[in-house]
Amino acid sequence: MKNLILFLCLLLPVISKGNYLNINSNPSSSDVFVINPTTNKRVKIGRTPFEIQMQEVVTNFSESQVFLIEVVKEGYEDYRVMVGQIGSNEVNLSVNLSPVKTIIEQKQTDELMAQLFDIQRQIRTKDYSNAIDRLMSLDKKFPNYSIISELIGSAYYLDQKFKEALSYYRKAFSINPENKDAFIMKNYLEKKFNLTLEKDS
Amino acid sequence: MFYFFLAFINETFAGNFYHQSITANFGLINFNLTENASSLTGEDTDSVSAGGTSNSSIFSFDLLYEFQNYASHSLFVKATGPLISSDNSGYFLGAIGVNKYFNSLSSLFTFSDGGSRMSIKPKLRYYLGAGFGVGFLVYNLEDAKKSDVVFDIDLHGGLSYLFGDRWGLRAEVGASKGTGIATSSYVLKGLIGINIFLETKNLFH
């Protein structure tokens, strides 16, 4: 029993060591800042992946036991988290940065354009049924794009289904009254078949 | 972002951030007991029967499950049983108690938010604790082998060091007082073992 207690006393100074703050981010090479929550002093301390002793952050950068960590990268939303030095703890932070909204919207529009080009090719090869199916699922995903409804209308028109074509041209025009092609086709079909909204009902 | 910080700075706030842990300890348990005078029985001899005492050291196994953790303390249940004894005596115990941690969080803390994740691993923890339980003693007298059920109150202290991501070593010493139907005992313990943080988190939020 005495030997066990002696062993524990000897072990204490050997295993006591500094605590680390490890920061990783996706994407990597993001800038890491430390902010003092009281004075708002903001200091850059490195780039991810990054490891630093907690005591060094408190002594040299934050000047406070409790501080904010900010991870910043261009094109992505900033990430902030509050961290404190509480005893012998190792802090591991793995940050997943979110792209700013405009970049997300640009990527989605780019994807939509690529699909529309492909669907137009399908329409030119007279594969109207599959083209319309694809356009319907795109319409659910992007309900505010009048071009999709207009293209559905065009596919139905080329497939000689004029009533369905008219309904989609009307929808395209209602989404975007400045869509000239949808407006022209809507008016043409209404005159050709002598249809108006009042007569339809 | 401040919500999780509240969890590890507020001692009474458990939330769903702290992981449960399990510790398997091995070590020496030494008990010293005296039979209560009112329950003494002796053979029919000419001399007056003397009170029975017993002293035994048992190499034991101890399993500790910390099911509810807060920033600086934890609630546990534990079970102790004998492995090797030179005189076939035994010390069994089931107890519940609390550990108070110093120098670090009581347990592994993890927090996830929208794909980002923070974990705080307590590297070096010292602790003091107290427990209350029911035990079963098997002891030997000069002329008899007996057993008794005891109510045990213990105080203990130790330290734990995290070597890996989820596991570490733990060492503990303790003393307890047992009051039984037929006996009164003092127990000293010295244990060393492995502590593992589980994937599961606090039982109560």
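Residues numbered from 1 in each chain as written. Chains lettered and ligands numbered in written order. Predicted model: local features only at pLDDT ≥ 70, side-chain atom pairs only at ≥ 80, totals over all residues.

K.L.:
Now, about the overall build of chain B: what can you tell me, with residues and values included?
P.N.:
Within chain B one finds one helix and ten strands. Written out in order from the N terminus, the α and β elements of chain B read α-β-β-β-β-β-β-β-β-β-β. Burial statistics for chain B: of 205 residues in total, 41% are counted as buried. Here the contacts in chain B between residues at least 6 apart in sequence split such that 67% fall between residues at least 24 apart. (Helix = DSSP H or I, 4+ residues; strand = E, 2+ residues; numbered from the N terminus. Buried ≥ 20, exposed ≤ 12 C-beta atoms within 10 Å, placed from the backbone. Contact = placed C-beta atoms within 7 Å.)

K.L.:
So what's going on with helix α5 (residues 146–158) of chain A? Which residues, and what values?
P.N.:
For an α-helix, the turn length of 3.6 residues means that residues three or four places apart are oriented alike. Residue and element names in this part refer to chain A. For α5, spanning 13 residues, the distance from its first C-alpha to its last is 18 Å, which sits close to the expected 18 Å at 1.5 Å a residue. For α5, the set of buried residues is I148, S149, E150, L151, I152, G153, S154, A155 and Y156. Considering only its buried residues, α5 is in contact with α3 (101–124), α4 (128–141), α6 (162–175) and α7 (180–192). At the C-terminal side of α5, Q160 shows a positive phi close to 65°. (Expected span 1.5 Å × (residues − 1).)

K.L.:
An account of the sheet that holds strand β3 (residues 42–47) of chain A is needed here, citing residue identities and associated values.
P.N.:
Residues and elements named next belong to chain A. Strand order in the open sheet formed by four strands is β3-β2-β5-β6, with antiparallel pairing between adjacent strands. The open sheet is flanked by β3 and β6 (79–84), the only strands paired with a single partner. Ignoring strand direction, the axes of neighbouring strands in this sheet form an average angle of 30°. Sheet analysis places strand β5 (residues 66–72) next to β6, joined by six bridges and oriented antiparallel. Paired with E70 across the two strands is R80, which belongs to β6. (Pairing = 2+ DSSP bridges. Axes fitted to C-alpha atoms, helices over the stretch in contact; angles between N-to-C directions.)

K.L.:
Any details on unusual backbone geometry? Residues and values, ideally.
P.N.:
Residue and element names in this part refer to chain A. Of note, the bond from N26 into P27 is cis; its omega dihedral lies within 30 degrees of zero at 5°. Structurally, P27 is set in the loop between β1 (20–26) and β2 (31–35). Residue P49 follows T48 across a cis peptide bond; omega there is -5°. Mapped onto the secondary structure, P49 falls in the loop between β3 and β4 (50–53). Positive phi, close to 65°, is recorded for N40, a residue that is not glycine. Residue class for N40 comes out exposed when judged on the 8 C-beta atoms lying within 10 Å of it. Of note in this structure, K126 is not a glycine but carries a positive phi near 65°. Secondary-structure assignment places K126 in the loop between α3 and α4.

K.L.:
Break down the confidence of the model for chain B for me, with residues and values.
P.N.:
Regions with low pLDDT should not have their predicted coordinates read in detail. Residues and elements named next belong to chain B. With 85% of its residues at a pLDDT of 70 or more, chain B shows a mean pLDDT of 86. Long-range and interchain partners of residues 1–10, a stretch whose pLDDT sits below 50, account for 19 contacts in this model, where long-range means more than four residues apart. Contacts of residues 45–49 to residues separated by more than four positions or lying in other chains number two contacts, the stretch itself having pLDDT below 50. If you check the scores for this complex, the pTM reads 0.68 and the ipTM reads 0.75. (pLDDT = per-residue confidence, 0-100.)

K.L.:
How would you sum up the environment of L93(B)? Please name residues and give values.
P.N.:
Residues and elements named next belong to chain B. Note that L93 resides in strand β4 (residues 90–102). Assessed through the 24 C-beta atoms surrounding it within 10 Å, L93 is described here as buried. When the C-alpha positions of L93 and G133 are compared, they lie 6.8 Å apart, and in sequence the two are 40 residues distant. Residues contacting L93, with those up to four places away along its chain left out, are T80, G133, G135 and D152.

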